[in-house]
Amino acid sequence: MAQVDPGATYRTLTTSHFRVTYQDGLEALARHAAGRAEITFAILSRTLTSPPGLPIDIVIADDRDVSNGITTPLPSNRIWIYARPPVETPSLAFNHDWVDLVITHELAHAFHLDAHGPLGRVLRTVFGRVPFTWPVFPALGTPLWSIEGLAVQVESALTGFGRIHGTWHDAVVRTAVLAGAPDPIDRVSGSTPIWPGNERVYIYGSLFLDWITRTYGDSVPSMLVNETADAWLPPALFFDRIPRATTGQTFTRLYDAWLDSLRTEYTALADSLRRDGLTRAAVLTADGYRAAHPRFSPDGRRIAYAAADGRTVAQTRIIDAHTGRQLAATRRNSLASLAWLPDGSIITSQLEWQDAARLYSDLYRIDERGREQRLTRGERLQHPDVSRDGRRIVAVANEGGSTSIVLLDYAAGRILARRTIVPPASHVQWALPRFSPDGSRIAVSRSSGGVYQVVLLDTDGNVLREITGDAALDMGATFSPDGRWLLFSSDRSGIANLLAADLHRPDAPILQVTSVLGAAYEPDVAPDGSAIVYSEYHADGFHVVRIPFEPDTWRVAPASAIEPGRPAVSAQDARQRWNDSKDGSRATMFDAIAVAADTAVLGEDTYSPWPTLRPYYWLPLAWSQEDVGTFVGASSYGTDVVGKNAWSAALSVATSSGRTAGEVAWSYAGFRNPVLTAGVTRDWDRIGFVRLPQDTSLIRPVVEREDALLARLSFVRQRARRAVSATIGGELVRRSRTIEDGLGATLVDRSDDLAGIVASAGLATSRAQPFSISLEDGVSLSLTGRRRWDRSPDVRDASYTEITTHNALYRSLDLPGFSRHVLGVRASGLHRSGNGATPSSIGGASGILLAAPIDLGVGPGTLLLPVRGFARGVRAGTSAWTASAEYRFPIAAVGRGVRLLPVFVDRVSGSVFADAGDAWCSDDIAGRYLRCMRTSPGSPLLSGGAELSLDLGFFGYGSLRTRLGAAVPVQGPGDGVAFYLRFGHAF
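Q: For the packing of aromatic side chains, give the residues involved together with the corresponding values.
A: Enumeration over the complete set of coordinates arrives at 30 aromatic pairs. Aromatic pair Y204 and W258: ring centres 6.3 Å apart, planes at 90°, arrangement edge-to-face. A residue pair is termed long-range when its members are at least 10 positions apart, and Y204 in helix α7 (residues 200-216) and W258 in helix α10 (residues 251-276) qualify at 54 residues. Taken individually, Y204 and W258 each receive the classification buried, so the pair is uniform in this respect. Their ring planes at 90° and their centres at 5.3 Å tell us that F549 and W554 sit as a pair that is edge-to-face. Overall, the relative accessible area of 14% leaves F549 in the buried class. An aromatic cluster is defined as three or more aromatic residues linked by ring pairs; in this entry it consists of W168, W195, Y289, Y521, Y537, F542, F771 and F818. The lysine or arginine in question, R124, covers the ring of F137, its NZ or CZ lying 4.1 Å from the ring centre. Directly above the ring of F987 sits R888, whose terminal nitrogen or CZ lies 4.4 Å from the centroid.

Here you go:
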């Protein structure tokens, strides 16, 4: 899937160090990004490390209603930025300018990941930007907490805002430490869905590196980058030693010292808060993980909220407002705010794919029976709230990197009209609007230039009152039923708590409603004014909690203690400092920044793929094929930065015979749908042996060369809950056969000249959750047909027809364990007919790499026709089928490694299975192949067994399923228990 929409129209700005490519409508944003990028480049070049390879490509897109940035050094330095600002996200909302924050963060990655030492410089000079870790790209493969932690540290230092200066990271670590369960460094160095999941490396990494920097000096970030780059031993294996030269300590010892300091700090804070009195809330949920946007029903008896527990699909859950007992649950695509309609149905927003590249948020209605109705399409609306009479919806609209506020007229499941009441502005962003009880006012969060505040609007979008006005994150406001009180979340004290403003007394001080050790967000007040429900952060994630609505117990809130950090010098400051300097040096950082800002954009043109499509590296190839030869050659790959074009090429030459082998392939995705792929290949294989007619005692191998020309169109219909695909293509294939050292002998059937068509279709509805041990609750279906005609006038007609299918069904079971149990069923089949049909083997275990300890051969990839317990080739045929049934169950969520070694055990699971399969050939084909033992179906192979699976992480990146299995043949030519080791899922 492309990082951005390859079918969009793009233009490119050129600066001294960057190519900034942007989609239509984003020119102002792109020019702003170009200026910020040049300023950040000037600072990092003088404070962090040597600049990366140039130019750096930045792509700015507005095709997804998510906030993110992505950086890779391969094949060249490339950054993708999604323009939508993270206004409602506590972790990212603490910024004065989203573009500045994300540019700074991603450029820190570019500097870090591209840095290399002398040995890497030599290898890059010879081979180019080879996709490999040490010594070519030494930082690749080091713990992700060091990579993301450094970038968060740089974003916070250079912008003065960012996640270190915010309160969310501190809240996560604080609650874990006070619960006696902070993550050890080996867990932070791996990848596990155990809370806080993927955010762990950002949170722990940034705060840990910030502590080291404050303790040992500002040179720590530069030390981390340069010591990693210059390492003469692979840093992924010896990363613990990196800080010794600067601190005299290993990372492991430093991490322990940091946790000790946090225990002291947080214990003192907790003691102080307990003395003043902590809020005692009734916890209504048991799962933790994500529980967001709780809302009372109109009658006050139920609470709806958006939930994700890591085990099941994201849901809109409805619970009893007093006991927390779950009453209903409806699946949803993403977590977002929601609101009740008077009839008991719910309005919410969800992310949905428009196609394979564009992901937009739209409004949906969920009725009391859980049925879903889509209300808008492609309108990019989120954060909906409904007026008390149910006739109007207020929502936030996304477009062009900005947000606006819209009012929608609603009746009987239909949107009747849309009106923008606050138009988009580049410097102002909006989130989480909420109607007043009488519908005359709207409370909403507004972010502008680092000031994040709650404001009151009328229904024409005019500002009636600014409730707050500081750098603290004041968000998620809601009214009391009588309209007097406005409750919202604020981290002004350093901890996110609920505050309240008395709207009847404009001069009254803001009051603090809660005092928590974790964090409190997203309040809602019961319709009768008796209770408040909100999302409270605990050590295992978020819970929905309930407290009484008692204004008499609230105390005056403290003044805001949230202060941005000291930002890096701005362009204006740099110019002033340069003008004021007396040394006259033109090499100061201040002058470099000023020049960077003044000369940011050097040119502009329509987007061209060629600068980023060129080859950036080559890899040597060496391989041997028995009786064919030993080949040496090279390969390369390229793709343009927006994903319109991609190509790959490989060429090898046999050292003795001069035979050539290789491929050239190209794909074009600029149509969005379909994707066009074309390619040519040449391959060699030994296909058998013959006796020479001159001397029948001489046996010689037969070698076949296959040349193929392929072209295909691939269609994909991508949705959040399903994907449908189809492919149609044509192919020309020529096979030429010769006898090696044949002493002049030739084959009667020397060649095939084939023309063919191929078509396939697929459907996928299954899914996996963070803790899943398998795909769950859906199907994966595929069917492929091929027809080839032999156009050669040779002896044997090699035409054939082929149909293959692979299908799987998964059903989850809500049984005890860290994940759901799963029943899986798989069925695969193959049928070939025609004179050119060849048999295929059944048997073996699906997977990659090794099979051990009895079967020590190199294992295949994912097999179409596996039957565990039997060797591959035990039966073969032009018609074949295999099937499996598995029961998969969780054993342990480990989430641990060994200090900073790059091996990590994530999850352990098991399965028991039964396999079956059979293969046979038609009468005319069976006579040509010894492997065809039967000409009709017979007694199928049957086996049963069990597997122990470990999800192992390597170098902190994802996990690889490792399966140790034992299979027992029940029916068929087996040799007792067969043990095997495979990597990857069985199906």
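Back to the text.
Q: Which residues make up the sheet that holds strand β5 (residues 78-82), and what values go with them?
A: Strand order in the open sheet formed by six strands is β4-β5-β3-β2-β1-β31, with mixed pairing between adjacent strands. Among the strands making up the open sheet, the edge pair consists of β4 (69-72) and β31 (603-606). For this sheet the average axis-to-axis angle between neighbouring strands, irrespective of direction, equals 15°. Sheet topology note: the strand β1 (residues 10-14)/strand β2 (residues 18-23) ladder contains five bridges and is antiparallel. Note that in β2 the partner of R11 across the bridge is Y22. Packing against the sheet, helix α1 (residues 27-47) makes contact with β1, β2, β3 (56-61) and β31, and its axis sits at approximately 155° to β2.

Q: Explain the state of the cysteines to me, and be specific about the residues and the numbers.
A: Summed over all chains, the structure comprises one disulfide. Put simply, C921 and C932 are joined by a disulfide, and their sulfur atoms are 1.9 Å apart. Taking the torsion about the S-S bond as the criterion, the C921 to C932 disulfide, at about -45°, is left-handed. Placement of the pair is C921 in the loop between β48 (903-920) and α14 (923-926) and C932 in the loop between α14 and β49 (941-954), with a sequence separation of eleven residues. For C921, a relative accessible area of 1% corresponds to the buried category. Classification of C932 by relative accessible area gives buried; the value is 9%.

Q: So, the pairing of strand β8 (residues 302-308): which residues are in play, and what are the values?
A: By the criterion of burial, β8 is predominantly enclosed, with six of the seven residues buried. Examined bridge by bridge, strand β7 (residues 290-296) and β8 share five bridges and lie antiparallel to one another. Opposite A291, over in β8, you have A307 as the bridge partner. Linkage of β7 to β8, two consecutive antiparallel strands, is achieved through a turn of five residues, within which G300 is found at a positive phi near 75°. With six bridges joining them, β8 and strand β9 (residues 315-320) adopt antiparallel strand pairing. Opposite A306, over in β9, you have T316 as the bridge partner. Between β8 and the antiparallel strand that follows it, β9, lie six residues; G310 among them carries a positive phi value of about 85°.

Q: For helix α4 (residues 144-159), give the residues involved together with the corresponding values.
A: Taking 1.5 Å of rise per residue, the 16 residues of α4 would be expected to cover 22 Å, and the 22 Å separating its terminal C-alpha atoms lies within 8% of that figure. Most of α4 is tucked away: 14 of the 16 residues are buried. One or two residues past the end of α4 sits G160, with phi positive at roughly 80°.

Q: Quick one: what's the story with the pairing of strand β37 (residues 699-718), residue by residue and with numbers?
A: Here 16 bridges tie strand β36 (residues 675-691) to β37, and the two strands are oriented antiparallel to one another. Following the sheet pairing, F689 is matched in β37 by P701. The sheet contact formed by β37 and strand β38 (residues 723-739) spans 17 bridges and is antiparallel. Counterpart to V716 in the pairing with β38 is S725. Where β37 folds back on β38, the antiparallel hairpin that results is connected by four residues.

Q: How would you explain the nonpolar core if you had to name every residue and give the values?
A: Core analysis: the biggest nonpolar cluster contains 94 residues, and I60, W145, F208, F251 and W258 have the highest contact counts within it. With residues up to four places along the chain from it excluded, the contact list for F208 reads W145, I185, F251, L254, Y255 and W258. In this structure, L487, I495, L511 and A520 belong to the second largest nonpolar core, which totals 19 residues.

Q: Before we move on, can you summarise the sheet that holds strand β17 (residues 402-411) with the specific residues and values?
A: Strand order in the open sheet formed by four strands is β15-β16-β17-β18, and the pairing between neighbours is antiparallel. The open sheet has two edge strands with one neighbour each: β15 (381-386) and β18 (414-422). Strand-to-strand, the axes of this sheet are offset by a mean angle of 25°, without reference to chain direction.

Q: I'd like a rundown of the side chain of S535, residues and numbers included.
A: In this fold, S535 is placed in strand β28 (residues 531-538). Using a relative accessible area of 2% as the deciding quantity, one classes S535 as buried. Of note is the side chain of S535, whose polar atom sits 2.7 Å from the backbone oxygen of A291.

Q: How would you sum up the environment of I925? Please name residues and give values.
A: Positionally, I925 belongs in helix α14. Put simply, I925 and G974 are 49 residues apart on the chain and 26 Å apart in space, counted from C-alpha to C-alpha. Residues within four places of I925 in sequence aside, it is in contact with G834, A837 and T878.

The rules behind the values
- Residues numbered from 1 in each chain as written.
- Predicted model: local features only at pLDDT ≥ 70, side-chain atom pairs only at ≥ 80, totals over all residues.
- Heavy atoms only, no water.
- Phe/Tyr/Trp six-rings, centres within 6.5 Å; stacked < 30°, edge-to-face > 60°.
- Helix = DSSP H or I, 4+ residues; strand = E, 2+ residues; numbered from the N terminus.
- Buried < 20%, exposed > 50% of the residue type's maximum accessible area, 1.4 Å probe, protein only.
- Lys NZ or Arg CZ within 6 Å of the ring centre and 35° of its normal.
- Pairing = 2+ DSSP bridges.
- Axes fitted to C-alpha atoms, helices over the stretch in contact; angles between N-to-C directions.
- Contact = heavy atoms within 4.5 Å.
- Disulfide = S-S within 2.5 Å.
- Expected span 1.5 Å × (residues − 1).
- Core = buried A, V, L, I, M, F, W, Y, C linked by side-chain atoms within 4.5 Å.
- Polar contact = N/O pair within 3.5 Å; in protein donor to acceptor, adjacent residues only side chain to side chain.

Everything listed here is a matter of coordinates, which is why it stays silent on function.
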